[in-house]
Amino acid sequence: MRGFRKRNFPDDETFSGYLSRQQFGAPMSTPNAEAGMRDWTDKATRERLEKDVAAVKSDIAALTDQITDALNTFANSTSKQARRGYRQARENMDSAIDDMSERGSAMMGAAQDAYGSIEETLEDAITQRPLATVGLALGIGFLIGLAWRR
């Protein structure tokens, strides 16, 4: 780019400055037809370049809009996936809590059944053999007393 600029433009001059500085008149020795043709060519070139620059600006604006739309779509999709993941995790957690609650209730029921069964067994043993039960209770009490002393 540097070599092109040095060959085609004077120092510190831009392309748009060059276009505005262009003189569209012909030298004195050039006939009017040739001067008019040069004016028309320079004007046509400038207009074509202006149209090209406008088209590039339009393309950049359209590309910017497309990128913005793509990013918005990506953000919306990501947000939906995050919400879906959160809902699924919450459902899994609720399911696990319900499962634990059911297991806890089942264990409590089993413990209550076992307690009822032991109570019935002890009651039956006491009513069928009252003397043996009293003797067993005295023996257990004596052993606990001995263990307590030591």
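Residues numbered from 1 in each chain as written. Predicted model: local features only at pLDDT ≥ 70, side-chain atom pairs only at ≥ 80, totals over all residues. Heavy atoms only, no water.

Going by what an unreviewed UniProt entry lists, the protein chain is known as DUF883 family protein and is assigned to Bradyrhizobium cajani.

**Student:** Quick one: what's the story with the overall build of the protein chain, residue by residue and with numbers?
**Tutor:** In terms of regular secondary structure, the protein chain is built from 4 helices and 0 strands. Helices and strands appear in the protein chain in the N-to-C order α-α-α-α. By the burial criterion, 3% of the 150 residues in the protein chain qualify as buried. (Helix = DSSP H or I, 4+ residues; strand = E, 2+ residues; numbered from the N terminus. Buried < 20%, exposed > 50% of the residue type's maximum accessible area, 1.4 Å probe, protein only.)

**Student:** Give a description of a nonpolar patch on the surface that names residues and reports values.
**Tutor:** Taken together, the side chains of Leu63, Ile67 and Leu71 make up a nonpolar region of the molecular surface, amounting to roughly 290 Å² of accessible area. Mapped onto the secondary structure, Ile67 falls in helix α3 (residues 32-128). Accessibility expressed as a relative area gives 46% for Ile67, which makes it partly exposed. (Patch = residues over 30% accessible without salt bridge, like charges linked within 9 Å, V, L, I, M, F, W, Y side chains within 5 Å. Areas by Shrake-Rupley, 256 points an atom, 1.4 Å probe, with all protein chains shown as cover. Salt bridge = Lys/Arg side-chain N within 4 Å of Asp/Glu carboxyl O.)

**Student:** Can you lay out the pattern of salt bridges for me, pointing to particular residues and giving the numbers?
**Tutor:** The final tally for this structure, using the stated rule, is 1 salt bridge. The residue Arg103 makes a salt bridge to Asp99 at a minimum N-O spacing of 3.8 Å. On the criterion of helical spacing, the pair formed by Arg103 and Asp99 is a turn pair, its members being 4 residues apart in helix α3.

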